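Here's the letter readout for the chains.
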Amino acid sequence: MRTAMSDDFVTQFGYDYLLPTYDYYGDIGLTDLTLIVGFPHSSHQEQTEYCPGIQSEMFAGLYEPIWDGGVNGTPYNDDNLFAAYMYEVVTRYTPYVKFWEIWNEPGFDYTCLLYT
């Protein structure tokens, strides 16, 4: 079974919101789940426009270091919003998820033609 849990969703409802649902999946024998992750909430989205007029769909701070040794009370760098999101989702849902699908089917819809 393929399920999804975007950053947009967990920002609105919290990381633990779907834990009872995943417990239920286990109770009815669903195992080896795939979880689609990614898709930042607008407040976590990079503001760069790599193509004129089209805002990036990447997380802010994506290229910042992932780990910071616990400086702010978390093992991840709080400036890397994708690392923070993934850490929080993976630590909670690993007992239920076997496959992690990062950003389901990214396309070239918003790709600039740099060379014409």
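In what follows, the accompanying structure is described. Everything numeric here is computed off the predicted structure, so don't read it as measured data.

Bringing the overall build of the protein chain into the picture now. Each helix and strand in the protein chain was counted, giving three helices and three strands. Counting helices and strands in the order they occur from the N terminus, the protein chain gives β-α-α-β-α-β. Expressed as a percentage of the 116 residues in the protein chain, the buried residues total 28%. Sequence separation of at least 24 residues holds for 55% of the intrachain contacts in the protein chain that already meet a minimum separation of 6. When the accessible area of the protein chain is evaluated, it comes to approximately 7600 Å², of which 56% is carbon and sulfur surface.

Under the criterion given, the structure shown has twelve aromatic pairs. For the ring pair Phe9 and Tyr17, a centre distance of 5.8 Å and an interplane angle of 65 degrees mean the geometry is edge-to-face. Taking the relative accessible area as the measure of exposure, Phe9 reaches 23% and is therefore partly exposed. Considering the side-chain rings of Tyr76 and Tyr87, the 5.2 Å spacing of their centres and the 55 degrees angle between planes classify their relative orientation as tilted. With a gap of eleven residues between them, Tyr76 in the loop between strand S2 (33–38) and helix H3 (81–93) and Tyr87 in helix H3 connect regions that are remote in the sequence. On the accessibility criterion, Tyr76 (7% relative accessible area) is buried. For Tyr87, a relative accessible area of 29% translates into the label partly exposed. Three or more aromatic residues joined by ring pairs form one cluster here, namely Tyr22, Tyr25, Tyr93 and Tyr96.

Ranked by internal contacts, the top residues of the largest apolar core, which has 14 residues, are Met5, Tyr22, Leu35, Val37, Tyr85, Val89 and Tyr93. Of all the secondary-structure elements, those providing two or more residues to this core are helix H2 (19–27), S2 and H3. Per-element accounting of this core gives the leading share, four residues, to H3.

Calculation notes
- Residues numbered from 1 in each chain as written.
- Predicted model: local features only at pLDDT ≥ 70, side-chain atom pairs only at ≥ 80, totals over all residues.
- Heavy atoms only, no water.
- Helix = DSSP H or I, 4+ residues; strand = E, 2+ residues; numbered from the N terminus.
- Buried < 20%, exposed > 50% of the residue type's maximum accessible area, 1.4 Å probe, protein only.
- Contact = heavy atoms within 4.5 Å.
- Areas by Shrake-Rupley, 256 points an atom, 1.4 Å probe, with all protein chains shown as cover.
- Phe/Tyr/Trp six-rings, centres within 6.5 Å; stacked < 30°, edge-to-face > 60°.
- Core = buried A, V, L, I, M, F, W, Y, C linked by side-chain atoms within 4.5 Å.

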